[in-house]
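Residue-level listing of the chains:
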Amino acid sequence: MDTVCSAPAEAVVRLIELKRKFGTTAALDGVSLTVRKGEILGIIGRSGAGKSTLIRCLNGLERPDSGQVLVEGRDLARLSERELQPLRRRIGMIFQHFNLLSAKTVEDNVALPLKIEGRAKPERRQRAAELLDLVGLAEKAKAYPASLSGGQKQRVGIARALAARPALLLSDEATSALDPETTASILALLKDINRRLGLTIVLITHEMEVVRTIADRIAVIDAGRIVEEGPVWKVFAEPRSEVTRSLLGTIRPRLPSEIAARLSQQPGGEAILRVEAAGEGARQPFLAELATAAGLPFRLIHGGMDHIQGQPVASLFLAVPARDAGAAGQFLDAHGIKTEVLGYVAGDA
Ligand SMILES: Nc1ncnc2c1ncn2[C@@H]1O[C@H](COP(=O)(O)OP(=O)(O)OP(=O)(O)O)[C@@H](O)[C@H]1O
């Protein structure tokens, strides 16, 4: 049955209460998520969190046990295999291992979705040329995939995914097999395509750095549920769930291990404060004011300022005399800056 639903105009995809079980494992346990037109949404989770199942439901390869997968307002989960075909073409996909056909030239790989649609050869040639130009590979049209680097193969994958002018580009760990420099160039290309074509992109990844680099919004999935969602800079600045904190672990400043090893919960010596500020809060000269307006001495022991989506995000570790820890916390809290006493160290931290 074909269902037309009244999704908000700006939503390209809406997932509503998606559930999918394998035996007793709930791979998706009530996932609701909206992908807005023109945005880049990063979906991140650990291995086994449910990312692949989610992506398979999103492109109609998997049917959820219950819930809705609305793509441009039509529920994929309720369509027959035949009805699904045209809707699947509204979703382009890029993959970790590129999935190119080795016996076909680059231009034939790019034009393949159009061939499947039954488009005439001149149109296919022209569209492939346009797309290869867009991804910077015009000179490789007649080459075979085996002669390309990993980054070039992924550029071909991107061109092919765009051939049928999809409403949504799904990226399934598309940079996981690439070195950091090539990853950066592919992410820059995706961002450029997003800006130039207004293309909506959903990235599935286990790497926070990928989300940080190009996503507008992030959704964190764990045990089949969305545990956190929001603008990337906000979630990076104030992660609420343990999973998010742990996934952020490698790219946020961490208390140096030699200090962490000496931390005690017994007040005395110096208190170690974690200080987190973002947006407006991070634009204030709060450290200077802590010393001058509040008259509280502190030492900066680790951390720094990052810029995500144009927003400053500060993550700092300060040492203050234990007796001043409460006052320092109150002063910073009053300025909208989050603090937490992690513990105390005897002598100098
Ligand atoms: N076809 C299946 N049969 C049985 N269990 C499955 C199947 N597909 C997924 N699962 C289980 O569902 C859970 C979610 O798996 P899924 O592959 O969606 O996670 P993932 O986040 O993509 O993990 P990874 O990053 O390792 O690919 C896991 O516990 C997995 O073992």
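Treat the numbers as computed from the prediction; the structure is a model and nothing was measured.

Q: Would you take a moment to explain the overall build of the protein chain for this structure?
A: What the protein chain contains, in helices and strands, is 13 helices and 14 strands. Here the C-alpha coordinates of the protein chain stretch approximately 80 × 45 × 35 Å along the principal axes. When the 349 residues of the protein chain are sorted by exposure, 50% land in the buried category. Considering only contacts in the protein chain between residues 6 or more positions apart, those separated by 24 or more positions represent 70%. When the accessible surface of the protein chain is summed, it comes to about 16,000 Å², and 50% of that surface belongs to carbon and sulfur atoms. Separation of charge centres in the protein chain, based on 46 positive and 41 negative side chains, amounts to 6 Å.

Q: It is not clear to me how the site of the ligand should be interpreted in this structure. Could you clarify?
A: Looking at the ligand, the residues that line it are Phe22, Thr25, Ala27, Arg46, Ser47, Gly48, Ala49, Gly50, Lys51, Ser52 and Thr53. A distance of 2.9 Å separates an oxygen atom of the ligand from a polar atom in the side chain of Lys51. Considering the ligand on its own, with 630 Å² of exposed area, one finds that the protein chains cover 55% of that surface. Counting only elements with at least two residues in the shell around the ligand, the list comes to strand S2 (25-36) and helix H1 (51-58). Element by element, the count of residues in the shell around the ligand is highest for H1, at 3 residues. Here the residues of the shell around the ligand are counted per class, giving 3 nonpolar, 6 polar and 2 charged.

Q: Looking at this structure, I do not really get the environment of Ile251. What am I missing?
A: Tracing the backbone through its elements, the reader meets Ile251 in the loop between helix H9 (242-248) and helix H10 (257-260). Sequence separation between Ile251 and Arg212 is 39 residues; the distance between their C-alpha atoms is 9.5 Å. Look past the residues within four positions of Ile251 in its chain and what remains in contact with it is Met208, Glu209, Arg212 and Phe236.

Q: Explanation requested: the nonpolar core in the structure shown.
A: Generally speaking, nonpolar side chains in soluble globular proteins are found buried as a group. Membership of the largest hydrophobic core comes to 53 residues, with the highest contact counts inside it found for Ile158, Leu190, Ile218 and Phe236. Each of domain 1 (11-90 + 166-248) and domain 2 (257-345) gives at least three residues to this core. Once residues lying within four places of it in the same chain are set aside, the contact partners of Ile218 are Leu41, Gly42, Ile44, Met208, Val211, Glu228, Glu229, Gly230, Pro231, Val232, Val235 and Phe236. Core analysis: the next-biggest nonpolar cluster, separate from the first, contains 30 residues, Leu58, Leu76, Leu79 and Leu170 among them.

Q: Can you walk me through the packing of helix H3 (residues 106-116) against helix H5 (residues 150-162) in this structure?
A: The axes of two packed helices give the description: the angle between them and the distance between them. At a closest axis distance of 7 Å, the pairing of H3 and H5 adopts a crossing angle of 30 degrees. Comparing their axes, H5 and H3 come out roughly parallel. Seen along the crossing, H3 lies across H5 with a hand that is right-handed. In contact with Val106, Asn109, Val110 and Pro113 of H3, H5 contributes Val156, Ala159 and Arg160. Taken together, the residues of the contact of H3 with H5 sort by class into 5 nonpolar, 1 polar and 1 charged.

Q: I tried to follow the side chain of Glu107 on my own but got confused; where do I start?
A: Tracing the sequence through the fold places Glu107 in helix H3. With residues up to four places along the chain from it excluded, the contact list for Glu107 reads Arg125, Ala128, Leu132, Ala141 and Lys142.

Q: Would you take a moment to explain the UniProt feature "domain: ABC transporter" (unreviewed entry) in the protein chain for this structure?
A: Following the UniProt record, the feature "domain: ABC transporter" (unreviewed entry) maps to residues 13-248 here. Secondary structure content for residues 13-248 is 39% helix and 27% strand, and the end C-alpha separation is 27 Å.

Q: Mind showing me how you'd approach the sheet that holds strand S8 (residues 200-205) here?
A: Strands pair in a sheet through their backbones, by hydrogen bonds, and they do so in one of two ways: parallel or antiparallel. Read across the open sheet, the 6 strands follow the order S6-S7-S8-S3-S9-S10; overall the sheet is mixed. The sheet is open, and its two edges are formed by strand S6 (91-95) and strand S10 (225-231), each paired on a single side. For this sheet the average axis-to-axis angle between neighbouring strands, irrespective of direction, equals 15 degrees. Examined bridge by bridge, strand S3 (residues 40-44) and strand S9 (residues 217-222) share 4 bridges and lie parallel to one another. Following the sheet pairing, Gly42 is matched in S9 by Ile218. The strands touched by H5 are S6 and strand S7 (168-172); relative to S6, the strand with the most contacts, the crossing angle is about 170 degrees.

Q: Sorry, what's going on with the sheet that holds strand S4 (residues 66-71) here?
A: In space, the 4 strands of this open sheet follow the order S2-S1-S4-S5, with antiparallel pairing throughout. Looking at the sheet topology across the chains shown, the edges are occupied by S2 and strand S5 (74-75). As paired strands, strand S1 (residues 11-22) and S2 are joined by 9 bridges and run antiparallel to one another. Residue Arg14 lies in a different strand from S2, and its bridge partner there is Thr34.

Each value, and the rule that gives it
Residues numbered from 1 in each chain as written. Predicted model: local features only at pLDDT ≥ 70, side-chain atom pairs only at ≥ 80, totals over all residues. Heavy atoms only, no water. Helix = DSSP H or I, 4+ residues; strand = E, 2+ residues; numbered from the N terminus. Buried < 20%, exposed > 50% of the residue type's maximum accessible area, 1.4 Å probe, protein only. Contact = heavy atoms within 4.5 Å. Areas by Shrake-Rupley, 256 points an atom, 1.4 Å probe, with all protein chains shown as cover. Lys, Arg positive; Asp, Glu negative; His and termini not counted. Charge placed at Lys NZ, Arg CZ, Asp CG, Glu CD. Near = heavy atom within 4 Å. Polar contact = N/O pair within 3.5 Å; in protein donor to acceptor, adjacent residues only side chain to side chain. Nonpolar A, V, L, I, M, F, W, Y, C, P; charged D, E, K, R; others polar. Core = buried A, V, L, I, M, F, W, Y, C linked by side-chain atoms within 4.5 Å. Domains from an automatic or database assignment. Axes fitted to C-alpha atoms, helices over the stretch in contact; angles between N-to-C directions. Parallel < 35°, antiparallel > 145°, perpendicular 65-115°, else oblique. Left-handed = near helix turned anticlockwise from the far one by under 90°. UniProt positions renumbered as here; feature names shortened; annotations may be inferred. Pairing = 2+ DSSP bridges.

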